[in-house]
Structures are given as C-alpha cells and as structure tokens.
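Overview (structure and organization)
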Amino acid sequence: MSFVYNALLFLHFIGMAMLVGGFLAQMRAVPRQVTQWMRDGAFTQLLTGLALGGMSGSGIGTDQNFSPAAVGTKLVIAFVVAVACVVGMRQPAEKQQTWWALAGGLAILNVLLAVFWLSATATPVG
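Treat the numbers as computed from the prediction; the structure is a model and nothing was measured. (Residues numbered from 1 in each chain as written. Predicted model: local features only at pLDDT ≥ 70, side-chain atom pairs only at ≥ 80, totals over all residues. Heavy atoms only, no water.)

On to the pattern of salt bridges. Opposite charge on two side chains makes pairing possible when the charged atoms of those side chains draw close. Applying the stated criterion across every chain, the model contains 1 salt bridge. As a salt-bridge pair, arginine 39 and aspartate 40 come within 3.0 Å of each other at their nearest N and O atoms. Residue arginine 39 is classed as partly exposed on the basis of its relative accessible area, which comes to 27%. (Salt bridge = Lys/Arg side-chain N within 4 Å of Asp/Glu carboxyl O. Buried < 20%, exposed > 50% of the residue type's maximum accessible area, 1.4 Å probe, protein only.)

Below, the structure written as structure tokens:
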C-alpha cells in the first residue's frame, strides 16, 4: 500500500506544481486570469488530498502521525481554491484577477500549512 500512497503523493505534488505554476505564470499578464492549469491543478490537489487524508487517517501507507485538524483545514482550503478557480474561469477576463489572487494565495497558504503544520506533527521514521 505504500506504493499507492507514494503515487498519490506524487500526483498531489504535480497538482501543486500546476496550480502554483499557473498562478505564477500570470503574474506579469494583463489582465491576470485563472487558467485551466490552475483549475486542473486545484482539482488534482483536492482529489489526491482526500485520498491521502483517508489513507493517513486509517494508518495505511504512512508512518507519520495523523493530525485531523491539519488535514481538515487543508481540505477546506483546497475546496475553496477549486471553487475560486471554477468561478473565476466563468468571469470575463477583466474580472478574473480577484479570483486568480484568491486561488493562488490560498494555494500558497496550503503549501505553507503542509510544510510547517503537518511536518511539525509528523513522527520521524526510523
């Protein structure tokens, strides 16, 4: 099962790269827009995050302690990011900047939570 966990974790990182990369690529664009890369990355993050949280909560595929508060917070933020991407893409190009900033800012916040909150609750392996 650790192979499945690691494969999901790999896909989770790919989703993060798509989302944050799409956000950063729009930094110099005028007007800034939510891209299909951001939307697809957000949904990849959300789906793989749900699967990873379920596996970690049941103790499958990981030797780390599970923090329901941290995982739950990250899932709520990921859901808001996905909604912001979908709503933003439905707006005219000149009205997408707010949704772009919300999705990108929360995605970066989610990365910070993963690094500093989840890693603080993890038990070292070995």
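Anyway, onward from the coordinates.
Close contact between helix α1 (residues 2-25) and helix α2 (residues 36-57) brings their axes to 8 Å; oriented N to C, the two are set at 150°. Comparing their axes, α2 and α1 come out roughly antiparallel. Handedness of the α1/α2 crossing: left-handed. Of the residues in the contact of α1 with α2, the class split is 15 nonpolar, 9 polar and 1 charged. (Axes fitted to C-alpha atoms, helices over the stretch in contact; angles between N-to-C directions. Helix = DSSP H or I, 4+ residues; strand = E, 2+ residues; numbered from the N terminus. Parallel < 35°, antiparallel > 145°, perpendicular 65-115°, else oblique. Left-handed = near helix turned anticlockwise from the far one by under 90°. Nonpolar A, V, L, I, M, F, W, Y, C, P; charged D, E, K, R; others polar.)

Within the secondary structure layout, leucine 8 lies in helix α1. Judged by relative accessible area, which is 18%, leucine 8 ranks as buried. Taking C-alpha positions, leucine 8 is 8.3 Å from glycine 49, a pair spaced 41 residues apart along the chain. Ignoring any residue separated from it by four or fewer positions in sequence, one finds leucine 8 in contact with Thr48, Ala51, Leu52 and Met55. (Contact = heavy atoms within 4.5 Å.)

Right, let's get into the packing of aromatic side chains. Counting across every chain of the model gives 1 aromatic pair. Both rings, one in phenylalanine 23 and one in tryptophan 100, keep their centres 4.5 Å apart while their planes meet at 25°; by these two values the pair is stacked. Taken together, the positions of phenylalanine 23 in helix α1 and tryptophan 100 in helix α4 (residues 97-121) put the pair 77 residues apart, joining distant regions of the chain. The burial state of phenylalanine 23 is the same as that of tryptophan 100; both residues are buried. (Phe/Tyr/Trp six-rings, centres within 6.5 Å; stacked < 30°, edge-to-face > 60°.)

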